[in-house]
Amino acid sequence: MHAVSVPAPGRSVLVRWGFPALFVVLWASAFTAAKVAVTYAPPFLLLSTRFLLAGLVLAGLARLSGRRWGLGPGAVARFALLGIVTMAVYLTLSYFGMQTVTSGFAALIISMNPVLTAVLAAPLLGERLTRTKLAGLALGVLGVGMVLQSRLGGGIEGPVGIAFTFGALVALSAGTILYKRIAPPSSGPAGDLWYGTAVQTLAAGIVLLPLGLALEPVSAIRWTPELLAGFLWLALAVSLCSYLLWFDMLDRLGASTASALHFLVPPIGLLLGWAVLGEHVPPLDLLGVVPIALGIRLVTRAAPAATARNRRAAD
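Computed from a prediction, not measured in an experiment: that's the story for all the values here.

Looking now at the layout of surface pockets. Of the volumes computed, that of the second largest pocket is approximately 230 Å³. Lining the second largest pocket are A41, L45, L46, T49, L213, V218, I221, W223, T224, L227, L228 and F231. Contributions of two or more residues to the lining of the second largest pocket are made by α2 (43-64) and α9 (225-253). Its residues placed into classes, the lining of the second largest pocket shows 10 nonpolar, two polar and no charged.

This is the structure in C-alpha cells:
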C-alpha cells in the first residue's frame, strides 16, 4: 500500500475547482485570440512561432526552478509525438477553420471532444461509462446540438471552415487518448509535466516552422497591436498555462472526465466572441447552455468514485 497524504484544505479546493475553472477560461479565450491573430498572420507561421516561444519559456522556467531533466530518448520521442498530434495537427486545423468560421462556432465544435473521447476511451483505455456519465454526456450532446442548429441556421459559417474544424475535433480526441496510452507516468522524472510540455510544444513548433517558411510568405504578416496582443496571449497564457493544466487534469481525472470540461467552453467562447469580436449570439445558443451545464455536473459527479476505485486497484 502507498502512503496516503492529505492535502491542505485550501490547496485541495484550488486543485479541484480553481484549476479546472482557470483551464476552461483560458481554453475558451484561445478561440477569440486565435480569430484575431489569424486575421493578421498566416496559420503555419503564427502557430510555429507561438509554440517555439512558449516551449523555450517553459523550458527556461523549469530550469530556473531547479527541476531536474529526467527525460530519456524514449520519453522525449513520446512527448514529441504527443505535441505533434495534440498541438500541431489539432491547432493547425483549427486555425485554418477559423479563417471562415466564427470563434464561437469553433469553440462549440471542439467542445464535442468529451463525446468522442468518452466513446474511444471505453474500448481503448478501459474507462467505464457509467449510467451517470452517459446521462451527462447525452445532455451535453443535446445542448451542443441546440447551439449547432442555431449557428448553422444563420448560414454564416463556411463549409470548408466547418470541415477543418471537425478535423481539429478528431485530432484533439485522438491526442487525448494517445496521451493516456503513451505518456510517461507523472510520478517519475520521465513524466515531469514542465519538461514534458516543453518538449511537446517545441516539437509542434519545429514541425510547423518549415511548412510556414515554405508555404507562407513572411510579407503576409501584418504587424499590428492586435496581432502582438493575440500572439502573446496564445503563446504564454494558452500554450504555457492551459496545456499544463490540461495534462495535469488528464492524470488526475481520466480522459472522459477531463474532456467533459470542454462542455463549458461553448458558453464562455460565445460570450467572449460577442464581447470582444461582436459576433452574433442567437437566443437558442443561450438556451443550449442549460443542458450543457447539467451534463457537466453529472459527468464530474461520477468522477471521484471512479478515481478512488482506480487508486485502490493501483495500491
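This part is about a nonpolar patch on the surface. On the surface, a cluster of nonpolar side chains totalling about 300 Å² of accessible area is made up of L53, L228, L232 and L236. In terms of residue count, the dominant contributor to the nonpolar patch is α9 (three residues). Tracing the backbone through its elements, the reader meets L53 in helix α2. The class of L53 is partly exposed, set by a relative accessible area of 31%.

This brings us to the environment of A106. Along the chain, A106 falls in helix α4 (residues 103-110). For the pair A106 and T165, spaced 59 residues apart in the sequence, the C-alpha separation amounts to 6.4 Å. If we skip the residues at most four places from it in the chain, A106 touches F31, M98, V101 and T165.

Grouped together as the largest cluster of nonpolar side chains are 76 residues, with contacts concentrated most on W27, F31, Y90 and Y95. No other element matches helix α1 (residues 9-40), which puts 13 residues into this core.

Here α4 lies mainly inside the structure; eight of its eight residues are buried. Among all positions in α4, only S103, G104, F105, A106, A107, L108, I109 and I110 are buried.

Relative to each other, helix α7 (residues 159-182) and α9 sit at 60°, their axes nearing to 11 Å. Here α7 is positioned oblique relative to α9, judged by the angle of their axes. For the crossing formed where α7 meets α9, the hand is right-handed. For the pair α7 and α9, contact is made by T176, Y179 and K180 and by W246, F247, L250 and D251, respectively. Looking at the contact of α7 with α9 residue by residue, the classes come out as four nonpolar, one polar and two charged.

The full count for this structure, using the stated rule, is five aromatic pairs. Aromatic side chains F44 and F96 sit 5.4 Å apart centroid to centroid with 70° between the ring planes, which places their arrangement in the edge-to-face category. Of this pair, F44 sits in helix α2 while F96 is found in helix α3 (residues 73-97), placing the two residues 52 residues apart along the sequence. Exposure remark for F44: the relative accessible area of 12% places this residue in the buried category. The class of F96 is partly exposed, set by a relative accessible area of 22%. Through a chain of ring-to-ring contacts, three or more aromatic side chains come together here, namely F23, W27 and Y90.

About the cut-offs
Residues numbered from 1 in each chain as written. Predicted model: local features only at pLDDT ≥ 70, side-chain atom pairs only at ≥ 80, totals over all residues. Heavy atoms only, no water. 1 Å grid on protein atoms, 1.4 Å probe; cavity = no way out; pocket = protein on both sides within 12 Å on 5 of 7 lines; lining within 4 Å. Points joined across faces, edges and corners; volume = space filled by probe spheres on them. Helix = DSSP H or I, 4+ residues; strand = E, 2+ residues; numbered from the N terminus. Nonpolar A, V, L, I, M, F, W, Y, C, P; charged D, E, K, R; others polar. Patch = residues over 30% accessible without salt bridge, like charges linked within 9 Å, V, L, I, M, F, W, Y side chains within 5 Å. Areas by Shrake-Rupley, 256 points an atom, 1.4 Å probe, with all protein chains shown as cover. Salt bridge = Lys/Arg side-chain N within 4 Å of Asp/Glu carboxyl O. Buried < 20%, exposed > 50% of the residue type's maximum accessible area, 1.4 Å probe, protein only. Contact = heavy atoms within 4.5 Å. Core = buried A, V, L, I, M, F, W, Y, C linked by side-chain atoms within 4.5 Å. Axes fitted to C-alpha atoms, helices over the stretch in contact; angles between N-to-C directions. Parallel < 35°, antiparallel > 145°, perpendicular 65-115°, else oblique. Left-handed = near helix turned anticlockwise from the far one by under 90°. Phe/Tyr/Trp six-rings, centres within 6.5 Å; stacked < 30°, edge-to-face > 60°.

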